[in-house]
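Coordinate inspection notes
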Amino acid sequence: DTAVSQTPKYLVTQMGNDKSIKCEQNLGHDTMYWYKQDSKKFLKIMFSYNNKELIINETVPNRFSPKSPDKAHLNLHINSLELGDSAVYFCASSRDRVGNEQFFGPGTRLTVL
Amino acid sequence: QQPVQSPQAVILREGEDAVINCSSSKALYSVHWYRQKHGEAPIFLMILLKGGEQKGHDKISASFNEKKQQSSLYLTASQLSYSGTYFCGTELNWDSGAGSYQLTFGKGTKLSVIP
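Figured I'd write up the structure that's included with this text. Computed from a predicted model, the values in this text were never measured in an experiment. (Residues numbered from 1 in each chain as written. Chains lettered and ligands numbered in written order. Predicted model: local features only at pLDDT ≥ 70, side-chain atom pairs only at ≥ 80, totals over all residues. Heavy atoms only, no water.)

**Concerning the overall build of chain B**
- Tallying secondary structure elements over chain B gives 0 helices and 11 strands in all.
- Scanning chain B from its N terminus toward the C terminus, one meets helices and strands in the order β-β-β-β-β-β-β-β-β-β-β.
- Excluding contacts between residues fewer than 6 apart, the proportion of contacts in chain B whose partners are at least 24 apart in sequence is 56%.
- Taken as a whole, chain B presents about 5,600 Å² of accessible surface, with 49% of it coming from carbon and sulfur. (Helix = DSSP H or I, 4+ residues; strand = E, 2+ residues; numbered from the N terminus. Contact = heavy atoms within 4.5 Å. Areas by Shrake-Rupley, 256 points an atom, 1.4 Å probe, with all protein chains shown as cover.)

**Remarks on the interface of chain A and chain B**
- Listed by partner, the interface residues are 18 residues for chain A and 19 residues for chain B.
- For the pairing of chain A and chain B, the buried interface totals around 1,600 Å² over both sides, and the portion due to carbon and sulfur atoms is 62%.
- When contributions to the side of chain A that touches chain B are tallied by element, the ones reaching two or more residues are β4 (31–37) and β5 (43–50) of chain A.
- Looking at the side of chain A that touches chain B residue by residue, the class counts come to 9 nonpolar, 5 polar and 4 charged. (Buried area = accessible area lost by both parts, 1.4 Å probe. Nonpolar A, V, L, I, M, F, W, Y, C, P; charged D, E, K, R; others polar.)

**Considerations on the pairing of strand β7 (residues 60–65) of chain B**
All names here are of chain B.
- Summarising the sheet, β7 and strand β8 (residues 70–75) pair through 6 bridges and their orientation is antiparallel. Across the sheet, S63 pairs through a bridge with S72, a residue of β8.
- Linkage of β7 to β8, two consecutive antiparallel strands, is achieved through a turn of 4 residues, within which Q69 is found at a positive phi near 55 degrees. (Pairing = 2+ DSSP bridges.)

**Side note on the state of the cysteines**
- For the coordinates displayed, the defined rule picks out 2 disulfides over all chains.
- The partner cysteine of C23 of chain A in its disulfide is C91 of chain A, sulfur to sulfur 1.8 Å. Taking the sign of the S-S torsion, about -75 degrees here, the bridge from C23 of chain A to C91 of chain A comes out left-handed. Of this pair, C23 of chain A sits in strand β3 (residues 19–25) while C91 of chain A sits in strand β9 (residues 87–94), and the two are 68 residues apart along the sequence.
- Since its relative accessible area comes to 1%, C23 of chain A is described here as buried.
- The residue that forms a disulfide with C22 of chain B is C88 of chain B, at a sulfur-sulfur distance of 2.0 Å. Note on the C22 of chain B and C88 of chain B pair: the S-S dihedral is about 70 degrees, so by sign convention the disulfide is right-handed. With C22 of chain B in strand β3 (residues 18–23) and C88 of chain B in strand β9 (residues 84–92), the pair connects residues that are 66 residues apart, well separated along the chain. (Disulfide = S-S within 2.5 Å. Buried < 20%, exposed > 50% of the residue type's maximum accessible area, 1.4 Å probe, protein only.)

**Focus on the pattern of salt bridges**
All names here are of chain A.
- Under the defined criterion, the tally for this structure stands at 3 salt bridges over all chains.
- In this structure, E82 engages R63 in a salt bridge whose closest nitrogen and oxygen atoms are separated by 3.5 Å. Here the residue E82 occupies a position in the loop between β8 (73–78) and β9, and R63 occupies one in the loop between β6 (53–57) and β7 (64–70), the gap between them amounting to 19 residues.
- Put simply, R63 and D85 hold a salt bridge, and the shortest N to O gap is 2.8 Å. Separated by 22 residues along the polypeptide, R63 in the loop between β6 and β7 and D85 in the loop between β8 and β9 bring together distant segments of the chain. (Salt bridge = Lys/Arg side-chain N within 4 Å of Asp/Glu carboxyl O.)

In structure tokens form, the structure reads like this:
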């Protein structure tokens, strides 16, 4: 009964490739997020969707494109991967867009060679 | 707008107490506290909303001083299982100019509890 799941857990790829990370939540939440955690453990928000609508779009390269096919899913597609994209990417969800606990997925460790 | 956490790291012996602080330069709507163990996802501990409040469960509690825009996390009688990195996250008041209620995390406080 995983609340927030992500696939894959590990992703190793070459520079220049395109890859996707998938996220699903079965909590019935309205809001979903993508966070990036770098090697210094800094956890930074990238995107947020509320009821399939993009509400937060932080300053990230436009090589990163989120897509929410429905309320329960938020995927992240990355084009032309660079070395600096190596990080752990966490998906999260919350009942609403403010003042609510966020449930994090297990993370996807992306390594770009 | 990133909150400032202190200390950066702390080492405790089992049974000792610790306080982790989080402060913001902007008016806050809420403060969240999360714990992350190595190789795992952050886990929610508690949320404090504006209006100033104090919360706690078991031996972990927190306070939120809305006027000072500060929050503190209190860990009492620490256990080995308390080890990990603690993050505070803040949501700014809408009129702080943030434009959205995004959660911004501090850099974390690494807590190590030793026998």
